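Coordinate analysis (summary)
Read off the chains here:
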Amino acid sequence: MPTPTRAAVVESGGAPFTLSDVELADPGPHEAVVRMVATGLCHTDLGVASGGLPFPLPGVLGHEGAGVVEAVGPAVTGVAPGDHVVLSFTSCGDCRDCRGGHPAYCATWLPLNLIGGRRADGTGTISRGGEELGGHFFGQSSFAERALVDERSLVKVDPEVPLASIAPLGCGVQTGVGAVWNVLKPVTGSTVVVLGAGAVGLSAVMAAALTPATTIVAVDRVAERLSLARELGATHTVNAAEADLGEALAGITGGRGADGVVETTGNVGVLRQGVDALAARGTLVVVGAPPFGTEVALDVNGLLGGKRIVGLTLGDAETQTFIPALVELVKEGRLPLHRLISSYPFTEIDQAVRDMGAGKAIKPVLTF
Ligand SMILES: [Zn+2]
Ligand SMILES: [Zn+2]
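To start, this report covers the structure provided alongside it. Just so it is clear, the model here is predicted, and its values are computed rather than measured.

**Structural notes on the packing of aromatic side chains**
- If you walk through the whole model with that rule in mind, you get six aromatic pairs.
- Summarising the aromatic geometry, the rings of Phe137 and Phe138 are spaced 5.0 Å apart at their centres and angled 70° between planes, so their arrangement reads as edge-to-face.
- Note on Phe138: relative accessible area 3%, which makes it buried.
- An aromatic cluster is defined as three or more aromatic residues linked by ring pairs; in this entry it consists of Phe55, Trp109, Phe137 and Phe138.

In structure tokens, the structure reads:
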């Protein structure tokens with residue numbers, strides 16, 4: 001029997017989220033029905049809702065869900081009804097990068113998570129009055145009271161930690177933390193610069209504060225975000241609306257440059273400045289995504305000092321080990337995610353979208 005639920009549907013590119021009664025398909029062998037408790041709102045949801053990606057609309061987005069398992073398909077072994085789960089991205093589990101512990105680089109990542117809107121076998125997961133909707137977004141489509149979730153998107157978590165406090169782990173936080181821990185891996189005394197103090201950037205700041213990096217620089221154009229970055233572990237801040245970024249970073253690093261840079265803004269001018277600010281053998285991690293097809297000009301000779309530029313998806317994390325570790329840090333108060341979160345009832349999703357767009361909310365979390 002299909003499961004009836006209520007979802008926030010985007011009818012067409014640029015349309016708002018509107019609540020609508022929908023039906024979830026029966027769980028397949030490797031799927032679970034999850035009752036949503038909270039789900040975070042991410043810029044990727046807004047990018048797809050605006051029609052900027054070829055995801056099939058009308059459809060249901062949402063990819064930072066957290067909830068309680070209600071039912072599981074016959075082949076699901078990792079979770080059982082009643083388990084608390086954080087939802088993240090899915091992957092095939094079978095390709096070279098999945099088997100190598102890098103599921104964010106799965107050969108089927110793009111269709112399975114971002115643009116396909118269906119299961120790998122081509123069937124749909126959500127319908128409305130018999131008409132199929134785009135679903136299976138990151139294997140979850142969690143802007144709904146219940147979601148049909150792919151087993152590989154499910155991460156079982158400690159039931160003592162409130163789900164509304166950890167929903168953003170599945171995308172934004174995992175991305176920012178992974179940029180620092182999985183890619184930069186700062187050594188003792190190094191300098192980490194974070195470009196953009198949104199949810200991903202502030203997560204990178206918190207992660208850097210848990211490493212032996214001694215200089216952590218947050219860069220943004222909003223003064224309140226910079227003061228929050230300081231409270232979360234930044235040792236220096238640069239307001240890019242007031243200061244020249246290159247000069248400021250040269251001053252902070254004594255002219256040496258940054259060992260690691262995390263670029264979260266998606267602005268190619270900022271990306272270029274970040275590359276120019278690297279020290280010899282420094283690494284810049286590209287996290288922010290500009291529109292498809294965007295290019296950037298670089299000073300080639302400037303790279304010859306052993307500099308690296310690395311693209312990153314979802315922190316290059318292996319979710320089953322990474323997310324429970326982050327949950328433990330949240331529980332211990334060492335990863336104060338609540339400083340980033342603004343809560344909204346699910347029915348006020350459009351207010352949450354407006355507040356995120358206006359920069360009033362860093363990480364909106366919808367609660368059910
Ligand atoms: Zn794979
Ligand atoms: Zn996201």
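**A word on helix 11 (residues 349-357)**
- Residues of helix 11 that are buried include every one of Ile349, Ala352, Val353, Asp355 and Met356, and no others. Along the axis of helix 11, the buried residues cluster in a sector spanning 165°; they form a single face.
- Of the surrounding secondary structure, the elements contacted by the buried residues of helix 11 are strand 1 (3-10), strand 2 (17-24), helix 1 (43-49), strand 17 (341-345) and strand 18 (363-367).
- The positive-phi residue at the C-terminal boundary of helix 11 is Gly359, with phi of around 80°.

**Here we look at the coordination of the zinc ion (ligand 1)**
- Each protein donor to the zinc ion (ligand 1) is listed here as Cys92 (SG), Cys95 (SG), Cys98 (SG) and Cys106 (SG); together their distances run 2.3 to 2.4 Å.
- Classification of the site at the zinc ion (ligand 1) rests on its four donor atoms, whose angles at the metal span 104 to 119°, yielding the label tetrahedral.
- Spacing between the donor residues of the zinc ion (ligand 1) along their common chain follows C-x2-C-x2-C-x7-C.

**Comments concerning the pairing of strand 1**
- By the criterion of burial, strand 1 is predominantly enclosed, with six of the eight residues buried.
- Inspection of the sheet shows strand 1 paired to strand 2 by eight bridges, in the antiparallel sense. Looking across to strand 2, one finds that Thr5 is bridged to Val22.
- Hairpin geometry of strand 1 and strand 2 is characterised by an intervening segment of six residues between the two adjacent antiparallel strands and by a positive phi of about 90° at Gly14.
- Note that strand 1 and strand 4 (residues 59-60) share two bridges and pair antiparallel. Of the residues in strand 4, the one forming a bridge with Val10 is Gly59.

**Some details on the environment of Val33**
- The residue Val33 is located in strand 3 (residues 31-40) in this model.
- Sequence-wise, Val33 and Glu70 are 37 residues apart; in three dimensions their C-alpha atoms are separated by 5.5 Å.
- Those residues in contact with Val33 that lie beyond four places of it in its chain are Thr3, Pro27, Val68, Val69, Glu70, Ala71, Arg146, Ala147 and Leu148.

**Thoughts on the layout of surface pockets**
- In this structure, the second largest pocket occupies an estimated 330 Å³ of space.
- As for the second largest pocket, its lining consists of 17 residues, of which Leu184, Val187, Asp259, Arg281 and Gly282 are closest to the centre.
- Counting only elements with at least two residues in the lining of the second largest pocket, the list comes to helix 4 (172-184), strand 11 (191-195), strand 14 (258-263) and strand 15 (278-286).
- With four residues, strand 15 is the largest single contributor of residues to the lining of the second largest pocket.
- Across the lining of the second largest pocket, the residue classes break down as six nonpolar, six polar and five charged.

Parameters and conventions
The residue numbers shown here count from 1 along each chain, following its written sequence. Following the order in which they are written, the chains are lettered starting with A and the ligands numbered starting with 1. For this predicted model, a pLDDT threshold of at least 70 governs which residues receive local features, and a threshold of 80 or more governs which side-chain atom pairs are given and counted, while totals over whole chains, interfaces and linings are taken from all residues. The basis for every side-chain value is the complete set of non-hydrogen atoms in the structure, without hydrogens or water. Whether two aromatic rings pair depends on their centres lying within 6.5 Å, for rings of Phe, Tyr and Trp, where Trp uses its six-membered ring; planes under 30 degrees apart make the pair stacked, over 60 edge-to-face, and the rest tilted. Partly exposed residues are those whose accessible area sits between 20% and 50% of the maximum for their type, while under 20% is buried and over 50% is exposed, using a 1.4 Å probe and protein chains only. Per the convention used, a helix needs a DSSP run of H or I reaching at least four residues, while a strand needs a run of E reaching at least two, with both numbered from the N terminus. Arc, as used here, means the arc of the directions from the helix axis to the C-beta atoms. Contacts between residues were defined by any pair of non-hydrogen atoms, one from each residue, lying within 4.5 Å. Shown as donors are all N, O and S atoms within 2.8 Å of a metal ion, widened to 3.2 Å for Na, K and Ca; because water is not in the atom set, sites may appear incomplete. Under the classification used here, a metal with four donors is tetrahedral if each angle lies between 85 and 135 degrees, square planar if opposite donors are over 155 degrees apart and the others between 65 and 115, a six-donor metal meeting that same test is octahedral, and anything else is irregular. Here, a strand pair is defined by DSSP locating no fewer than two bridges between the strands. In this analysis the probe radius is 1.4 Å and the grid spacing 1 Å, with only protein atoms considered; a cavity is a set of points the probe fits into but cannot get out of, a pocket is an open set with protein on both sides within 12 Å along at least five of seven lines, and lining residues have an atom within 4 Å of a point. Grid points are joined across faces, edges and corners, and a volume is the space filled by probe spheres set on the points. Side-chain classes follow a simple rule in which Ala, Val, Leu, Ile, Met, Phe, Trp, Tyr, Cys and Pro form the nonpolar group, Asp, Glu, Lys and Arg form the charged group, and the remainder, Gly included, forms the polar group.

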